[in-house]
Amino acid sequence: MAHSVSTAIAMERVEFLFQDRVTDDSSILTLRNWVCEPLLRWQAGRVLPGLFEKWRLSTDGLRWQFQIRPDAAFHDGTPCTSACIADFIGNILNSVDMFGMKWPYARYLDGAAIEAPADEILLVRTASPFPDLVEVFAEFHISKLDKSGLPTLGTGAWKVVEYEPRVRARLAPAFGTGKRVDFLSMRHAEDRLASLRDGIVNCAMQLEKLAVPRRRLEGFNWVESNASLSVIAFMNGRSGPFSWPEARLAANLAINRNALISEVMGGLASPATTVVSPFHVGYGEAGTESIAHDPTRARSILLESGAPTEVVLRSPEYMPERAPEVAKFIAEALAEIGFDVDVQIEPDRPEYARQLGRKDMGDLAIFDSSPRSTFRVLDDKISSETASVWWQGVHDPRANDLFNSARRTLDPGKRAQAYGKCLAHLSRHPHWLYLYYPKVCMAHATELKRLSLDHSGTLHVS
């Protein structure tokens, strides 16, 4: 990278969000990771040092101590202290997501005390044990407002030297010298691909969003990474056919996931087996396999259950990509085993998310699950005791018990095993229609080296 004359990277969005906005958008996360360090780094289910170089949890599970790395400073030279971080966390606890919906962080830290006893030490005291806090902190990237009031000042390896929101950002090494990197906003994947081919940019991201899927690009390096995202269809557990557990199982047996991935996704996915991806804590311990495609058994289970068979299947136009085509595939598969499916497409994606938050979801609703924390997925979407905004009404006392046992287990190895038991149960007793884990893709000029994508689609340079 340092030897290239110049580097230009095309991605979907170029934007630095304000401090109280948390996001899973891979474009924004790329900029944040280059400029603004996360409190801790997440890597395939492991939590690694970030702005916090060390941390420890008390034996009773109620007191966390985090130590900031030495000489941490924002790019304007001001120190990044524990007081800065405490204020930052306080803002996030009242934050909203990209659709204006409130994030659950305040619930996680309800009753917690966040203290800054020394510039380099942050203490968090919780009302009950919260060993998964480190995974949540891996989602927080510390930033500061610059002179123009924009959140472009971080403590990371790169600094912002020019920025036109939603158009372009120029970054330079924060320490020492080196070539600058331009990030250019191009909304459509086809435009990003064309700009790469025409030599306007050296790297094009989010190419998994091309209208016609591809797996290679002649003359360029093609990079794919298995994502930690899960594409699923929520099932309405309050009323209708999927308030029957037998109907939920039958629907899962009806889906030929390999065919879905081949015919709709162009091979850019792998079959889902439970509520989280292979990169989540507990997945390996669960030992799950994709639910076998067995329409004969599905038809028999559905008939014997006595569940109603009329299904309203709702889908957005995008997020996940190719959602209408996925909906069509699901509808045909469910019709084969005896369901009568009415597909409804919602063109307004933010409104679609709000509708699902209000439980206006029909019987099935295509969606994605992006948190990289197993705790977050189970707390936000599975636990009927929490009954959070994304929980869709399935009551499963066994899942609740397994989740509660895992979330209170302090030892990381034992906690992974406990989460594995919960994930295995959810594979056998599905709450959702499990579909696939998508791949994320980019392409770059062959002279560029040391570029990689992590499992959230974030671009890294070593």
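Note that the structure is predicted; figures quoted are calculated from it, not measured. (Residues numbered from 1 in each chain as written. Predicted model: local features only at pLDDT ≥ 70, side-chain atom pairs only at ≥ 80, totals over all residues. Heavy atoms only, no water.)

### Thoughts on the packing of aromatic side chains
In this structure the tally under the stated criterion is 20 aromatic pairs. Seen in terms of ring centroids, Tyr-105 and Phe-140 are 5.1 Å apart; in terms of plane orientation they differ by 80°. Their pairing is edge-to-face. A residue pair is termed long-range when its members are at least 10 positions apart, and Tyr-105 in helix H3 (residues 105-108) and Phe-140 in the loop between helix H4 (133-137) and strand E8 (158-164) qualify at 35 residues. Pair check on accessibility: Tyr-105 and Phe-140 agree, each one buried. Taking 5.7 Å as the distance between ring centres and 45° as the angle between the ring planes, the aromatic pair formed by Phe-137 and Phe-140 counts as tilted. Phe-140 matches Phe-137 in its accessibility class, with the two residues each being buried. (Phe/Tyr/Trp six-rings, centres within 6.5 Å; stacked < 30°, edge-to-face > 60°. Helix = DSSP H or I, 4+ residues; strand = E, 2+ residues; numbered from the N terminus. Buried < 20%, exposed > 50% of the residue type's maximum accessible area, 1.4 Å probe, protein only.)

### What to know about the nonpolar core
Phe-66, Ile-85, Phe-137, Val-275, Ile-330 and Leu-364 are the most contacted members of the largest nonpolar core, which totals 106 residues. Counting 24 residues, the second largest nonpolar core, distinct from the first, contains Cys-36, Ala-169, Ala-227 and Leu-453. (Core = buried A, V, L, I, M, F, W, Y, C linked by side-chain atoms within 4.5 Å.)

### Quick notes on the packing of helix H6 (residues 245-254) against helix H9 (residues 295-305)
Axis separation between H6 and H9 bottoms out at 8 Å; the angle between their running directions is 160°. By the angle between their axes, H6 is roughly antiparallel relative to H9. Both H6 and H9 take part in a crossing whose hand is left-handed. Counting all contacts with H6, which are made through Glu-246, Ala-247, Leu-249, Ala-250, Leu-253 and Ala-254, the residues of H9 involved are Pro-295, Arg-297, Ala-298, Ile-301, Leu-302 and Ser-305. Its residues assigned to classes, the contact of H6 with H9 comprises nine nonpolar, one polar and two charged. (Axes fitted to C-alpha atoms, helices over the stretch in contact; angles between N-to-C directions. Parallel < 35°, antiparallel > 145°, perpendicular 65-115°, else oblique. Left-handed = near helix turned anticlockwise from the far one by under 90°. Contact = heavy atoms within 4.5 Å. Nonpolar A, V, L, I, M, F, W, Y, C, P; charged D, E, K, R; others polar.)

### Topic: helix H5 (residues 189-197)
Taken as a whole, H5 has its buried residues at Ala-189, Arg-192, Leu-193, Ser-195 and Leu-196. Take H5 and look down its axis: the buried residues cluster within an arc of 160°, on one side only. In this fold, the buried residues of H5 make contact with strand E1 (7-11), strand E11 (203-204) and strand E18 (432-444). Following H5 by one or two positions, Gly-199 adopts a phi angle in the positive range, close to 80°. (Arc of directions from axis to C-beta.)

### Concerning helix H14 (residues 412-428)
The end-to-end C-alpha distance of H14 is 25 Å, a good match for the 24 Å that 17 residues give at a rise of 1.5 Å each. Among the residues of H14, Arg-415, Ala-416, Ala-418, Tyr-419, Gly-420, Cys-422, Leu-423, Ala-424, His-425, Leu-426 and Ser-427 are the ones counted as buried. Tucked into the core, H14 has its buried residues touching helix H8 (283-286), helix H12 (374-381), helix H13 (397-407) and E18. (Expected span 1.5 Å × (residues − 1).)

### A word on the sheet that holds strand E6 (residues 113-118)
With antiparallel pairing, four strands are arranged side by side in an open sheet as E4-E5-E7-E6. Every interior strand has two partners, whereas the edge strands, strand E4 (52-57) and E6, have only one. With direction set aside, neighbouring strand axes in the sheet form an average angle of 20°. Here E6 runs beside strand E7 (residues 121-125); their pairing, made up of four bridges, is antiparallel. For Glu-115, the partnering residue across the bridge sits in E7 and is Leu-123. (Pairing = 2+ DSSP bridges.)

### Digging into the environment of Leu-184
As for its position among the elements, Leu-184 is in strand E10 (residues 181-185). Accessibility expressed as a relative area gives 19% for Leu-184, which makes it buried. A sequence separation of 87 residues divides Leu-184 from Pro-271, and the C-alpha atoms of the two residues are 33 Å apart. Residue contacts for Leu-184: discarding those within four places in its chain leaves Ile-9, Ala-10, Met-11, Val-14, Val-167, Arg-168 and Val-201.

### A short note on the state of the cysteines
Summed over all chains, the structure comprises zero disulfides. Just so you know, Cys-80 is unpaired, no disulfide at all, and the nearest cysteine sulfur is the one on Cys-84, 5.3 Å from it. For Cys-441, which is in no disulfide, the shortest distance to another cysteine sulfur is to Cys-203 and amounts to 12 Å. (Disulfide = S-S within 2.5 Å.)

### A word on the side chain of Arg-192
Within the secondary structure layout, Arg-192 lies in helix H5. Nearest to the buried, unbridged Arg-192 among oppositely charged side chains is Glu-12, at 5.0 Å. One polar contact links the side chain of Arg-192 to the main-chain carbonyl oxygen of Met-186, over a distance of 2.6 Å. Separated by 3.1 Å, the side chain of Arg-192 and the backbone oxygen of Arg-187 make a polar contact. What Arg-192 contacts, discounting residues up to four positions off in sequence, is Ala-10, Met-11, Glu-12, Met-186, Arg-187, Val-201, Ala-204, Met-205, Gln-206, Leu-207 and Lys-209. (Lys, Arg positive; Asp, Glu negative; His and termini not counted. Salt bridge = Lys/Arg side-chain N within 4 Å of Asp/Glu carboxyl O. Polar contact = N/O pair within 3.5 Å; in protein donor to acceptor, adjacent residues only side chain to side chain.)

### A short note on the pattern of salt bridges
Pairing is possible between side chains that carry opposite charge, provided their charged atoms lie close to one another. What the rule picks out here adds up to 23 salt bridges. We note a salt bridge from Arg-107 to Asp-379, for which the minimum N-O separation is 2.5 Å. Placement of the pair is Arg-107 in helix H3 and Asp-379 in helix H12, with a sequence separation of 272 residues. For Asp-379, a relative accessible area of 3% puts it in the buried group. One salt bridge connects Arg-376 with Asp-380, and the closest N-O pair in it is separated by 3.3 Å. On the criterion of helical spacing, the pair formed by Arg-376 and Asp-380 is a turn pair, its members being four residues apart in helix H12. The pair Arg-376 / Asp-380 is uniform in exposure class, with both members buried. Connected through shared salt-bridge partners, Arg-107, Glu-139, Arg-376, Asp-379, Asp-380 and Arg-407 make up one network.

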